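# Fold and geometry: a report
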Amino acid sequence: TISNKLQNAFKNLRGLGKISESNVSDSLREVRLALLEADVNFKVARDFIERVKTKSLGQEVIESVHPGQQIIKIIHDELVELLGSTNAGLNLSGNPASIMMVGLHGSGKTTSSAKLAKLLTKQGRQPVLVAADVYRPAAMDQLETLGKQLGIPVFLKKGETDVLAIAREAFDFARANNRNTLIFDTAGRLQIDEPLVQELVRLRDLVKPQEILLVLDAATGQEAVNVATHFDQALNITGSILTKLDGDARGGAALSMKAVTGKPIKLAGTGEKLEDFEPFHPERMASRILGMGDVVSLVERAAEAVDEEEAKRLEEKMRKGEFNLEDFLDQLRQMKKLGSLESIVGLLPGGSDMLKGADLNKSEKEFKRMEGMICAMTFKERRQPVILNASRRIRIAKGSGVTVTELNNMLNRFNQMQQMMKKMGKLQKMMMKKGGMP
Ligand code: GDP
Ligand code: MG
């Protein structure tokens, strides 16, 4: 399936250490092949890959995730876009509203007509099914049976060969029976042919439907594009219904539809039962195709979080007791972006002790004072607080507008914090030796 193929392509992408023109091209070549094998139209696949490539090369690097994962996220987002971004609802503004179902033989028009009638009933509308396939008597029977099953009226005229006559009477029937939505189940052919198309055009011009929905079997493959283009050019469809998504369809039809016709997939058939029908959600379909919601949310979360590399470097320093005032300053500045000082310093080992006695409501002010004190130090002093003798302390206090006592308090607390970190580092090492958590 396309999912498996993409998973394979993603395996290589995940390991991608750096994004460069050439390695992105290599990895995306596999994605392109996966799309083509899934019967995605070749132009659609080419444009898709081009967009992903441009975005991949132009993106800002999020340090904490692999570049490959970022690209997978881009692929996901582009897939959603390709599938139409959001669910496109039905326009049922007419009174009565009418919907024309068109498509090839066996695509699922009759079944989908009944399914749609059921769905609309649930939404509080009063649909009537109109049997407008005059070529196959069995089609009328099929619709009648489905209507009975659902308790939804079906308008049919056995023996009538003029579709337009059926349509006119159907409107009278709807009015007489207080039905506000007509669903026309039209005839199909094994292949598109002119007489059929002409009949559909005449029916459209008479009915003036708000919706002309192309019913398309998801397994149609490359031919889907031709079918869709043809129907759209002849009838100016308003959208499509993708059926048999429960089967082992390769997904190509879904991916090409919107791109080729510019018309959204509005509904999806997901089984033979009448309740196996739902509004089409591009987001869900994309996740299904990719089969990997986790990577997407992972990248989303990571993009918002702190730089993991930096955090690792600091953790290492903390463990070795090398965490100095300069690191502290960096940390404070970086973390300030993420939340309140209180919540963040509290996360540092020993951080809550450090804040003890500080007025937490004035944490921002407190932060500024700490920042000021550290800034008033030379780089050497920040890296080696031990050299802070009395005269240096007086100079720093003056420079940052605090008293020496305040400075001493801050330094004492920082010192305690550093001791705590060292202890935690040793503890962690011991646990690692014992084979505990790394
Ligand atoms: P029509 O010729 O376009 O009217 O197609 P039908 O509505 O008669 O459907 C043709 C066949 O496809 C029937 O056997 C349906 O049960 C089946 N079918 C339609 N939609 C779906 C679907 O979403 N899933 C599955 N599994 N079968 C479907
Ligand atoms: Mg039919």
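What you are looking at is a predicted structure, and each value in this text was computed from that prediction instead of being measured.

## Things to note about the sheet that holds strand 7 (residues 265–269)
Backbone hydrogen bonds are what pair the strands of a sheet, in a parallel or an antiparallel way. If you trace the eight strands from one edge of the open sheet to the other, you get 3-2-4-1-5-6-7-8, paired in mixed fashion. For this open sheet the edge positions go to strand 3 (154–155) and strand 8 (277–279), each flanked by a neighbour on one side alone. With six bridges connecting them, strand 2 (residues 127–132) and strand 4 (residues 181–186) associate as parallel partners. Note that in strand 4 the partner of L129 across the bridge is I183. Contacting strand 2, strand 3 and strand 4, helix 7 (residues 163–176) runs over the sheet at an angle of about 165° to strand 2.

## Concerning helix 3 (residues 42–58)
Between its first and last C-alpha, helix 3 extends 24 Å over 17 residues, near the 24 Å set by a 1.5 Å rise per residue. Residues of helix 3 that are buried: V44, A45, F48, V52 and S56. Mapping the buried residues of helix 3 onto a view down its axis gives an arc of 95°, with all of them on the same face. In this structure, helix 3 carries K43, E50, T54 and G58 as exposed residues pointing more than 90 degrees from its buried face.

## Re helix 10 (residues 252–261)
Across the 10 residues that make up helix 10, a large majority, eight, are buried. By the burial criterion, the buried members of helix 10 are G252, A253, A254, L255, S256, M257, K258 and T261. In the stretch just after helix 10, G262 is the one whose phi turns positive, near 75°.

## Observations concerning the environment of K258
For K258, the position within the fold is in helix 10. The exposure class assigned to K258 is buried, which follows from the 23 C-beta atoms found within 10 Å. The contacts of K258, once residues within four sequence positions are left out, are L82, L83, G84, K263, P264 and I265.

## Section: the site of ligand 1
Among the 19 residues in the neighbourhood of ligand 1, the closest are listed as G108, K109, T110, T111 and G269. Of the residues forming the shell around ligand 1, the biggest block, three residues, is contributed by helix 5 (residues 109–122). Among the residues making up the shell around ligand 1, the classes are represented as one nonpolar, 13 polar and five charged.

## Notes on the environment of L92
Turning to its location among the elements, L92 is positioned in the loop between helix 4 (67–82) and strand 1 (97–102). Residue L92 is classed as partly exposed on the basis of its 18 C-beta neighbours within 10 Å. Note: C-alpha distance between L92 and T181 (89 residues apart in sequence) is 7.8 Å. Ignoring anything within four residues of it in the chain, the contact list for L92 reads A97, T181 and Q210.

## Looking at the nonpolar core
Core analysis: the largest hydrophobic core is formed by 81 residues, its most contacted members being V130, A131, L216 and L242. Looking at which element gives the most residues to this core, the answer is helix 4, with six residues. Residues from two domains meet in this core; each of domain 1 (2–85 + 294–304) and domain 2 (97–280) gives at least three. Formed by 15 residues, the second largest nonpolar core is a distinct cluster that contains F328, M370, M373 and L407.

## Let's talk about the pairing of strand 4
Strand 4 sits mainly inside the fold: six of its six residues count as buried. Burial along strand 4 is two-sided: T181, I183 and D185 facing one way and L182, F184 and T186 facing the other are all buried. As paired elements, strand 1 and strand 4 share five bridges and run parallel to each other. Of the residues in strand 4, the one forming a bridge with I99 is I183.

## Describing the packing of helix 5 against helix 6 (residues 137–150)
At their nearest, the axes of helix 5 and helix 6 sit 10 Å apart, and the two run at 25° to each other. Viewed along their axes, helix 5 and helix 6 adopt a mutual orientation that is roughly parallel. Crossing hand, helix 5 versus helix 6: right-handed. Residues T110, S113, A114, A117 and K118 of helix 5 form the contact with helix 6, whose participating residues are A139, Q142, L143, L146, G147 and L150. Looking at the contact of helix 5 with helix 6, its residues break down into six nonpolar, four polar and one charged.

## Quick word on the UniProt feature "domain: SRP54-type proteins GTP-binding" (unreviewed entry) in the protein
Feature annotation in UniProt assigns "domain: SRP54-type proteins GTP-binding" (unreviewed entry) to the following positions: residues 264–277. As a span, residues 264–277 carries 0% helix and 43% strand, and end to end its C-alpha atoms are 16 Å apart.

## Some words on the pairing of strand 5 (residues 211–217)
Summarising burial for strand 5: seven of the seven residues are buried, a large majority. Residues E211, L213, V215 and D217 of strand 5 are buried on one face, and the alternating residues I212, L214 and L216, pointing to the opposite face, are buried as well. Sheet analysis places strand 1 next to strand 5, joined by four bridges and oriented parallel. In the sheet register, V102 faces strand 5, and the bridge partner there is L214. As defined by bridge partners, strand 5 adjoins strand 6 (residues 239–243) across five bridges and the pair is classed as parallel. Bridging across to strand 6, L213 finds its partner in G239. Assessed by its sense of winding, the connection that carries the chain from strand 5 through helix 9 (residues 223–235) to strand 6 is right-handed.

Calculation rules
Residues numbered from 1 in each chain as written. Chains lettered and ligands numbered in written order. Predicted model: local features only at pLDDT ≥ 70, side-chain atom pairs only at ≥ 80, totals over all residues. Pairing = 2+ DSSP bridges. Helix = DSSP H or I, 4+ residues; strand = E, 2+ residues; numbered from the N terminus. Contact = placed C-beta atoms within 7 Å. Axes fitted to C-alpha atoms, helices over the stretch in contact; angles between N-to-C directions. Expected span 1.5 Å × (residues − 1). Buried ≥ 20, exposed ≤ 12 C-beta atoms within 10 Å, placed from the backbone. Arc of directions from axis to C-beta. Near = placed C-beta within 6 Å. Nonpolar A, V, L, I, M, F, W, Y, C, P; charged D, E, K, R; others polar. Core = buried A, V, L, I, M, F, W, Y, C linked by C-beta atoms within 7 Å. Domains from an automatic or database assignment. Parallel < 35°, antiparallel > 145°, perpendicular 65-115°, else oblique. Left-handed = near helix turned anticlockwise from the far one by under 90°. UniProt positions renumbered as here; feature names shortened; annotations may be inferred. Right-handed = clockwise from strand over helix to strand, strands pointing away.

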